[in-house]
Each structure stands twice: as structure tokens, then as C-alpha cells.
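Here is what each chain is made of, one letter per residue.
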Amino acid sequence: MKAILLKPLFSLKLELKEELIFSEAYLDAVVKKALTLNTGATSLDEIVEESTEMAQWEILIHPKKYKYLFLDERCVWSNLDCYLEDQEGNKISLREVNDSEMSMKRKLNSKK
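Residues numbered from 1 in each chain as written. Predicted model: local features only at pLDDT ≥ 70, side-chain atom pairs only at ≥ 80, totals over all residues. Heavy atoms only, no water.

Comments concerning the overall build of the protein chain
Heads up, the rule is: Counting from the N terminus, the helices are the DSSP runs of H or I reaching at least four residues and the strands are the DSSP runs of E reaching at least two. Using a 1.4 Å probe on the protein chains alone, a residue whose accessible area is under 20% of its type maximum counts as buried, one over 50% counts as exposed, and one in between counts as partly exposed. Contacts between residues were defined by any pair of non-hydrogen atoms, one from each residue, lying within 4.5 Å. Where accessible areas are quoted, they stem from the Shrake-Rupley method and a 1.4 Å probe; at the residue level, only the protein chains shown are allowed to cover.
Scanning the protein chain from terminus to terminus reveals five helices and four strands. Taken from N to C terminus, the helices and strands of the protein chain fall in the order α-β-α-α-β-α-β-β-α. Here the protein chain holds 112 residues, and 38% of them are scored as buried. Counting contacts in the protein chain only where the partners sit at least 6 residues apart, residues at least 24 apart contribute 50% of the total. When the accessible surface of the protein chain is split by element, carbon and sulfur atoms take 56% of a total near 7,100 Å².

Observations concerning the pairing of strand β3 (residues 83-86)
Keep this limit in mind: Any two strands with at least two DSSP bridges between them are considered paired.
As paired elements, strand β2 (residues 66-71) and β3 share four bridges and run antiparallel to each other. Across the sheet, the residue bridging to Tyr-68 is Glu-85, located in β3. Between the antiparallel neighbours β3 and strand β4 (residues 91-93) lie four residues, among them Gly-89 with a positive phi of about 90 degrees.

Thoughts on the packing of aromatic side chains
Where we set the bar: When the centres of two rings from Phe, Tyr and Trp lie within 6.5 Å, Trp using its six-membered ring, the rings pair. Their planes under 30 degrees apart give stacked, over 60 give edge-to-face, and anything left gives tilted.
With the rule as written, the count across this model stands at one aromatic pair. Between Tyr-68 and Phe-70 the ring centres are 5.9 Å apart and the planes differ by 40 degrees, which places this aromatic pair in the tilted class. Given the relative accessible area of 26%, Tyr-68 is considered partly exposed. Phe-70 gets classed as buried once you look at its relative accessible area, which sits at 19%.

What about the nonpolar core?
Going by this rule: Nonpolar cores were defined as sets of buried Ala, Val, Leu, Ile, Met, Phe, Trp, Tyr and Cys residues, with membership established by side-chain atoms within 4.5 Å.
Among the nonpolar cores identified, the biggest contains 22 residues, and Tyr-26, Val-30, Leu-69, Leu-71 and Cys-82 are the most heavily contacted of them. Broken down by secondary-structure element, the contributors of at least two residues to this core are α2 (24-36), α3 (44-61), β2, α4 (73-77) and α5 (94-110). Every residue in contact with Cys-82, bar those within four places of it in the chain, is listed here: Ser-51, Ala-55, Leu-69, Phe-70, Leu-71, Cys-75, Ile-92, Ser-93 and Leu-94.

Put into C-alpha cells, the structure is as follows:
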């Protein structure tokens, strides 16, 4: 089962060109979610994609900013719980990035 899960993760690593670090708990949570959805192995790629989607966008938007993407079990249930590490070694949660972007959008909209 883990070999099936590792395929989309290695594809993701090649796409992002960043260091991808994931925990054993992340793999277990992907399997657990597939079982919960009652879809089995057919949805594993989709669950991995869904759990990393926002991190992928953040990395694509800021390609030189980040060097690591960390995935743990929380990412499977909310992709805002992924962590990125920037070039200076700061660990940044996607939730923080999203909150600051939303705050900036609210400020811009209030000025209109």
C-alpha cells in the first residue's frame, strides 16, 4: 500500500523541485481517509493531490522563497495545515500565509 502512496508523492516532489518531507502518520492518514470515503486505492492520488494543492500553488507563486514542504497527518484533513520552510529556515504554516493574504485582500477591498 505504501508503494502506491509513494508514487504521487515522488511525482509531486519532481513537480515542485523542492525537498518534500512527509511523516509515516501522513501516509496512514491518507489510507484512513480513503477507507473513510469508501474508495480504497483508487482515490489515493486524489487525496495526496488535494492535501498538497494549496502548498503547490504557494510554491509555484513564490518559486525561490521555499526549500522544504512538510506533510503530516493534519494536511490530509486540511491542506492549510501543511508547513513550508523558507530559505532562511523559518517554518511557515499555510494557514498563516492564507490568513495574511486574506487580511491584505480585506484591507484592499475596504479602501475601494
